[in-house]
Amino acid sequence: MYRSDPYASSPGGVRSMRTDPTSMDRANQVTRSVVVLPGDGVGPELMQAVMCVIDEAGASVDWQICDAGATVFRDGIASGVPDETLDAVESAGVVLKGPLETPVGYGEKSANVTLRKLFELYANIRPIRALPGIATPYSGRDIDFVVVRENVEDLYAGIEHMQTPDVAQCLKLISRKGSEKIARLAFALARAEDRHKVECATKANILKLTEGLFKSTFESVAADHTQFESGHLMVDTCAHKMVVAPEDFDVLVTTNMNGDILSNLAAGLVGGLGLAPSANLGRDVAIFEAVHGSAPDIAGQGLANPTALLLSAVLMMRHIGQHEVADVVENALYRTLEDGTHLTADIARDADPVGTDVFAGAVLDNFGRSARQLENRTYSPLRMPDVVHGPLGEVSRDLTGVDVFVEWKGNADALGQSLETAIFASGFRLSMISNRGTKVYPGRIGYTETVNHWRCRFAWTERDWSCVDAEILGLLNRIGEIHRWMHVEKLQHFDGTPGFTLAQGET
Ligand code: NAP
């Protein structure tokens, strides 16, 4: 059944393979180039089966098979993605990707992250749908929603520092523009999939500026989409609700870290990561992949389940406008799962398990049939939305002070007194010191356990505000003579609103 040789990856090269016309009429379809990254472990065998099913469904696709991942790392390319592959991705704009191993001990980066960052794939789309024939504690609950996860910002910007030998910091970056892009995409997706509700999950009650910016940006975008029901959930409430009432969700948009956790939780509700498809979307490039990894323990044995990669390919076919192909494959896959007679070991119920090829063959045999227990969704093309509001225009800005982070092994009072002495007659006042976010000076320290990382907040006390910037340098010099400082953060007000939070206990 399988045309094994033509689909095999060619190490180091890019190969074009035009598919032959098959059973369906595709006279009006434009042939699209699709880069294929077979990936590592079970990737190549799954990819071969999936490409075959997609071809047989009548796709007009020109597959460009390229390298990325383990072999590339072993060749000494630290990004895991060679330039020829990057060129091919840039030119095709659409990628079907197998799992890429992240090397431990060699190579510098994850090839997945390289692709995501280089092509600004800012949206991770994870459809969560109860599959027919897959028994879970939630079977019969009609779970059908989409998690839209911001994919490049937040803690995953990967900006980390050891600020002292004992204290690590990671910057959580949330931008107004990044938040608007993902919020607009969530509404565009709701429109394309004929959904009615878009909810946003954040931790804005605690992270008032970062998660708060995401929430307020979502709310301003929601105001442009009043035809949809919209709302906000605290992310912890959201996790609880997802477990007790998952059928209530429709589209859920959230920040990168929240989305990472919630989308895996959601996948668990409907059968696990092994069945979960995903799309990574940017303005110019889209990468479709199964959520699972390379499953090295079963690689090369023809045992792996192709469902997740096949569903990812279905998303891809919709993305490139070949909806008929997507529908045929999706229906046949659902029918195969529902029949339950040709299933791989991970999902086989009472029947004997089959291998990847036999499962894929059963899907081919079910072309033209629909699942009996699952209603088809209707999809229209997803249009990548434009940013409308964008960054704020001119804002007034007052620099009112500075936080200086100091490494110090003593206690809070001793640090406070040494700083008071150091800044005498400087124009700055030491307004407070906090440790791990709690105010510890002046006043009672209570039960707060301190570490060698202190935030010392200085307020400018003079009338002349124009010189604060320059005076901060003088302040640092004074502090630097007696303490080791490692980080400085200006205290700014934008249009009169503080651009910083208070410490716990600070008034
Ligand atoms: P994994 O590859 O997802 O495998 C975990 C287990 O899940 C496997 O041992 C296997 O369990 C099962 N499994 C996964 N996919 C399956 C499939 N299609 N059919 C049947 N069973 C399947 O996770 P991992 O072992 O943590 O990661 C392995 C490598 O993959 C790592 O190098 C990791 O970095 C990489 N990875 C890549 C991506 C990506 O490219 N997007 C994502 C995740 C991980 P059994 O023991 O039951 O056979």
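Quick summary incoming for the structure in this document. (Residues numbered from 1 in each chain as written. Predicted model: local features only at pLDDT ≥ 70, side-chain atom pairs only at ≥ 80, totals over all residues. Heavy atoms only, no water.)

Digging into the site of the ligand
Test applied: We call a residue near a given molecule or strand whenever any one of its heavy atoms falls within 4 Å of it. Any N or O atom pair separated by 3.5 Å or less is treated as a polar contact, with the protein-specific requirement of one donor-capable and one acceptor-capable atom, and with residues adjacent in sequence counted only for side-chain atom pairs. We get accessible surface area from the Shrake-Rupley algorithm with a probe of 1.4 Å; when it comes to residues, only the shown protein chains can shield them. Amino acids are sorted into nonpolar (Ala, Val, Leu, Ile, Met, Phe, Trp, Tyr, Cys and Pro), charged (Asp, Glu, Lys and Arg) and polar (every other residue, Gly among them).
As a matter of local geometry, the ligand sits amid 19 residues, with L100, G293, A295, D297 and N305 nearest to it. N112 is positioned such that a nitrogen or oxygen atom in its side chain is 3.0 Å from an oxygen atom of the ligand. Coverage of the ligand by the protein amounts to 60% of the 880 Å² it exposes when considered alone. Partitioning the shell around the ligand into residue classes produces eight nonpolar, six polar and five charged.

Remarks on the pairing of strand β17 (residues 454-460)
Going by this rule: Burial classes: relative accessible area under 20% of the type maximum marks a residue as buried, over 50% as exposed, and values in between as partly exposed (1.4 Å probe, protein chains only). Only runs of H or I of at least four residues qualify as helices and only runs of E of at least two qualify as strands under DSSP, and these elements are numbered from the N terminus. Strand pairing is defined by DSSP finding a minimum of two bridges between the two strands.
The element β17 is largely enclosed, with a buried count of seven among its seven residues. Residue alternation in β17 divides its side chains into two sets, W454, C456, F458 and W460 and R455, R457 and A459, and both sets are buried. Taken together, the six bridges between strand β14 (residues 397-407) and β17 define a ladder with antiparallel strand orientation. Counted as the bridge partner of V404 is C456 from β17. The sheet contact formed by strand β15 (residues 428-435) and β17 spans seven bridges and is antiparallel. Directly across from R429, in β17, lies its bridge partner A459.

Regarding unusual backbone geometry
Here Y441 and P442 are connected by a cis peptide whose omega angle stands at -10 degrees. Among the structural elements, P442 can be located in the loop between β16 (438-441) and β17. Positive phi, close to 50 degrees, is recorded for D495, a residue that is not glycine. By the element assignment, D495 lies in the loop between β18 (484-494) and β19 (497-498).

A few points about the layout of surface pockets
So the rule is basically this: Both site types are read off a 1 Å grid over the protein atoms alone. A 1.4 Å probe that fits but cannot get out defines a cavity, while an open set with protein on both sides within 12 Å along at least five of seven lines defines a pocket; lining residues have an atom within 4 Å of a point. Grid points are joined across faces, edges and corners, and a volume is the space filled by probe spheres set on the points. Residue ranges assigned to each domain were obtained from an automatic or database domain assignment.
Here the largest pocket is characterised by a volume of approximately 1900 Å³. If you go around the largest pocket, you meet 46 residues; those closest to its centre are L209, T210, G499, F500 and T501. Of all elements in the fold, only β8 (167-170), α6 (176-192), α7 (210-222), β14, β15, β17, β18 and β19 reach the threshold of two or more residues within the lining of the largest pocket. Top element by residues in the lining of the largest pocket is β18. It accounts for six residues. When its residues are assigned to classes, the lining of the largest pocket shows 21 nonpolar, 13 polar and twelve charged. When residues of the lining of the largest pocket are assigned to domains, at least three map to each of domain 2 (137-256) and domain 3 (397-498). Approximately 640 Å³ is the volume found for the second largest pocket.

Here we look at the packing of helix α11 (residues 323-339) against helix α12 (residues 356-365)
As a reminder of what qualifies: Here the axes come from fitting lines to C-alpha atoms, over the contacting stretch only for helices, and the angles between their N-to-C directions go from 0 to 180 degrees. A crossing counts as left-handed when the near helix is turned anticlockwise from the far one by less than a right angle, and as right-handed when that turn is clockwise. Contacts: residue pairs with any heavy atoms within 4.5 Å of one another.
Interhelical geometry of α11 versus α12 gives an angle of 115 degrees and a closest axis separation of 8 Å. In this structure, α11 crosses over α12, and the sense of that crossing is right-handed. Contacts between α11 and α12 involve V329, A332, L333, T336 and L337 on the former and, on the latter, F359, A362 and V363. Partitioned by chemical class, the residues of the contact of α11 with α12 number seven nonpolar, one polar and no charged.

A short note on the pattern of salt bridges
Heads up, the rule is: Just to be clear on terms, a salt bridge is a Lys or Arg side-chain nitrogen sitting within 4 Å of an Asp or Glu carboxyl oxygen.
Inspection of the entire model under this criterion finds 25 salt bridges. Put simply, R129 and D144 hold a salt bridge, and the shortest N to O gap is 3.6 Å. Residue R129 is located in strand β5 (residues 123-129), and its partner D144 is located in strand β6 (residues 144-150); the two are separated by 15 residues in the primary sequence. Grouping residues by exposure puts R129 and D144 together as buried. A salt bridge links R195 to D250; the nearest nitrogen and oxygen atoms lie 3.0 Å apart. With R195 in the loop between α6 and β9 (197-202) and D250 in the loop between α8 (235-244) and β11 (251-254), this pair connects stretches of sequence that are 55 residues apart. A relative accessible area of 5% places R195 in the buried class. Salt bridges sharing partners connect three or more residues here, namely R129, D144, E193, R195 and D250.

Description of the packing of aromatic side chains
Going by this rule: In this scheme Phe, Tyr and Trp rings, the latter by its six-membered ring, pair at centre separations within 6.5 Å, and the angle between planes marks the pair as stacked below 30 degrees, edge-to-face above 60, and tilted otherwise.
Scanning all chains against the criterion turns up four aromatic pairs. Relative to F249, the ring of F145 lies with its centre 5.4 Å away and its plane at 40 degrees, an arrangement referred to as tilted. Residue F145 is found in strand β6, and its partner F249 is found in the loop between α8 and β11; the two are separated by 104 residues along the sequence. With relative accessibility at 0%, the residue F145 sits in the buried group. Summarising the aromatic geometry, the rings of F187 and F218 are spaced 5.7 Å apart at their centres and angled 20 degrees between planes, so their arrangement reads as stacked.

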